[in-house]
Amino acid sequence: MNWQEIETFLAVAEELHFGRAADRLLLSRARVSQLVQTLEARVGAPLLERTSRRVSLTPLGIQLRDDLLPHHCGVLDAVAEVTETARGIDGVLRVGFSSPLAGKLLIGAGDALRARHPGCTLDIREVQLSDRYSALRSGELDLQLIEFPATEPDLVCGPVLLRDARVLAVSTRNPLSRRRSVTVEDLTGQTVLFIGGVPGYFLDHVVPPVTPAGSPIRRSTTTRYWQELLAHVAADIGVTVTAAQGIEYYPRPDLVYVPFEEQAPIEYGLQWRASGLSARAAAFVRTAVKCAGSTR
């Protein structure tokens, strides 16, 4: 069996999206589709169900994914450990994070990596939402763990490592603060504040320009820093869509975090330059994936 077919199938099985799998594998979408079809022909049965709106695994696809995954990871780990021994990974790895949960995962992964490689040191820095990519592009960072989507042609996104529920942060003066939950339709008539400088595709993902019913959502991106934005929300200048970790990490007596109904969680994953990973950075990626899996 062709190794690329296996890697491609496993990537699509995890992402359930041909485009995201193609970006992750640095292949064209057509090539990803071709490799999956070749594997299905080899197996003799469909592994994926495809519609215009979604991709899902067939029962045979689920069986193959579950049977392949531990062996695939074992092969990768064996090659990686030999590579690490040959090249050495001692030195400083500079990793960025954009949220408290992301920082917590990075610290845990750094501790696990140093347990195996005491000569490896982690330098952790905050990535501002208003300037998500410049430190990575300039080489100030080797990796960063940030909110997805982060679709940039010169950068590569790894697998999703964290998911956190979406909530609406509102002032205690706002009538929505007394609700047990909200929907996107409730954003009609509100001013939704967000950090300025983010790419349009990311803003649209977190705060769509219109509700599902077609009502426009008034958005403002005049603030650049998180505490500044929360101060505006507390003053009832507007509301903001954020992650549920804010309940623990950014509590304020003048703010309420209201859960959203039927909204996908905010996802976080590692990102690096398309030029490639050093042995040190690759070892950290594998360690972070393992640490994230052990906490799910």
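All of the points below concern the structure found in this document. (Residues numbered from 1 in each chain as written. Predicted model: local features only at pLDDT ≥ 70, side-chain atom pairs only at ≥ 80, totals over all residues. Heavy atoms only, no water.)

**Considering the overall build of the chain**
Link 1 in the chain: Check the secondary structure of the chain and you find 10 helices and 12 strands.
Link 2 in the chain: Taking 19 Å as the expected radius of gyration for a compact globule of 296 residues, we find that the chain reaches 21 Å, a close match to that expectation.
Link 3 in the chain: By principal-axis analysis of the C-alpha atoms, the chain measures approximately 60 × 50 × 30 Å.
Link 4 in the chain: Residues classed as buried in the chain amount to 46% of the 296 residues present.
Link 5 in the chain: Long-range contacts, defined here as pairs at least 24 residues apart, represent 71% of the contacts in the chain between residues at least 6 apart.
Link 6 in the chain: Of the accessible surface of the chain, which amounts to about 14700 Å², a share of 54% is contributed by carbon and sulfur atoms.
Link 7 in the chain: Each charge class in the chain can be summarised by its mean position, and for the 32 positive and 33 negative side chains these summaries are 1 Å apart. (Helix = DSSP H or I, 4+ residues; strand = E, 2+ residues; numbered from the N terminus. Rg over C-alpha atoms; globule rule 2.2 N^0.38 Å. Buried < 20%, exposed > 50% of the residue type's maximum accessible area, 1.4 Å probe, protein only. Contact = heavy atoms within 4.5 Å. Areas by Shrake-Rupley, 256 points an atom, 1.4 Å probe, with all protein chains shown as cover. Lys, Arg positive; Asp, Glu negative; His and termini not counted. Charge placed at Lys NZ, Arg CZ, Asp CG, Glu CD.)

**Some points on the packing of helix α1 (residues 3-15) against helix α2 (residues 18-25)**
Link 1 in the chain: One way to put it is that α1 packs onto α2 with a least axis distance of 8 Å and a crossing angle of 130 degrees. Between α1 and α2, the angle is such that the two are oblique. With respect to the hand of their crossing, α1 and α2 are arranged in right-handed fashion. Contacts between α1 and α2 involve Glu7, Thr8, Ala11, Val12, Glu14 and Glu15 from the first element and Phe18, Arg20, Ala21, Arg24 and Leu25 from the second. (Axes fitted to C-alpha atoms, helices over the stretch in contact; angles between N-to-C directions. Parallel < 35°, antiparallel > 145°, perpendicular 65-115°, else oblique. Left-handed = near helix turned anticlockwise from the far one by under 90°.)

**Remarks on the side chain of Asp142**
Link 1 in the chain: When you line up the elements, Asp142 lands in the loop between α6 (134-138) and β5 (143-147).
Link 2 in the chain: Those residues in contact with Asp142 that sit more than four places away from it in its chain are Val92, Leu93, Arg94, Leu136, Trp272 and Arg273.

**Details of the sheet that holds strand β7 (residues 166-171)**
Link 1 in the chain: Strand order in this open sheet of 3 strands is β10-β7-β11, and the pairing throughout is antiparallel. The sheet terminates laterally at β10 (240-243) and β11 (255-259), the two strands that pair on one side only. Neighbour-to-neighbour, the strand axes of this sheet turn through a mean angle of 40 degrees, independent of strand direction.
Link 2 in the chain: Pairing between β7 and β11: 5 bridges, direction antiparallel. Across the sheet, the residue bridging to Leu168 is Val258, located in β11. (Pairing = 2+ DSSP bridges.)

**Focus: the sheet that holds strand β3 (residues 91-97)**
Link 1 in the chain: Pairing in this open sheet of 5 strands is mixed, and the strands run β4-β3-β5-β12-β6 from one edge to the other. Two strands close off the open sheet at either side, each with one partner strand: β4 (120-126) and β6 (155-164). With strand direction ignored, the average angle separating the axes of adjacent strands in the sheet is 25 degrees.
Link 2 in the chain: With 7 bridges connecting them, β3 and β4 associate as parallel partners. Bridge pairing in β4 places Gly91 opposite Cys120.

**A word on the environment of Val184**
Link 1 in the chain: Checked against the element boundaries, Val184 lands in the loop between β7 and β8 (191-195).
Link 2 in the chain: Val184 has contacts with Pro208, Thr211, Pro212, Ile217, Phe260 and Gln263, leaving out every residue within four places of it along the chain.

**Let's talk about unusual backbone geometry**
Link 1 in the chain: Residue Phe148 is joined to Pro149 through a cis peptide bond whose omega torsion reads 5 degrees.
Link 2 in the chain: Tracing the backbone shows Pro149 in the loop between β5 and β6.

**So, a nonpolar patch on the surface**
Link 1 in the chain: A surface patch of nonpolar side chains, amounting to about 330 Å² of accessible area, comprises Trp3, Val75, Leu76 and Val79.
Link 2 in the chain: Examined against the element boundaries, Trp3 turns out to sit in helix α1.
Link 3 in the chain: Overall, the relative accessible area of 36% leaves Trp3 in the partly exposed class. (Patch = residues over 30% accessible without salt bridge, like charges linked within 9 Å, V, L, I, M, F, W, Y side chains within 5 Å. Salt bridge = Lys/Arg side-chain N within 4 Å of Asp/Glu carboxyl O.)

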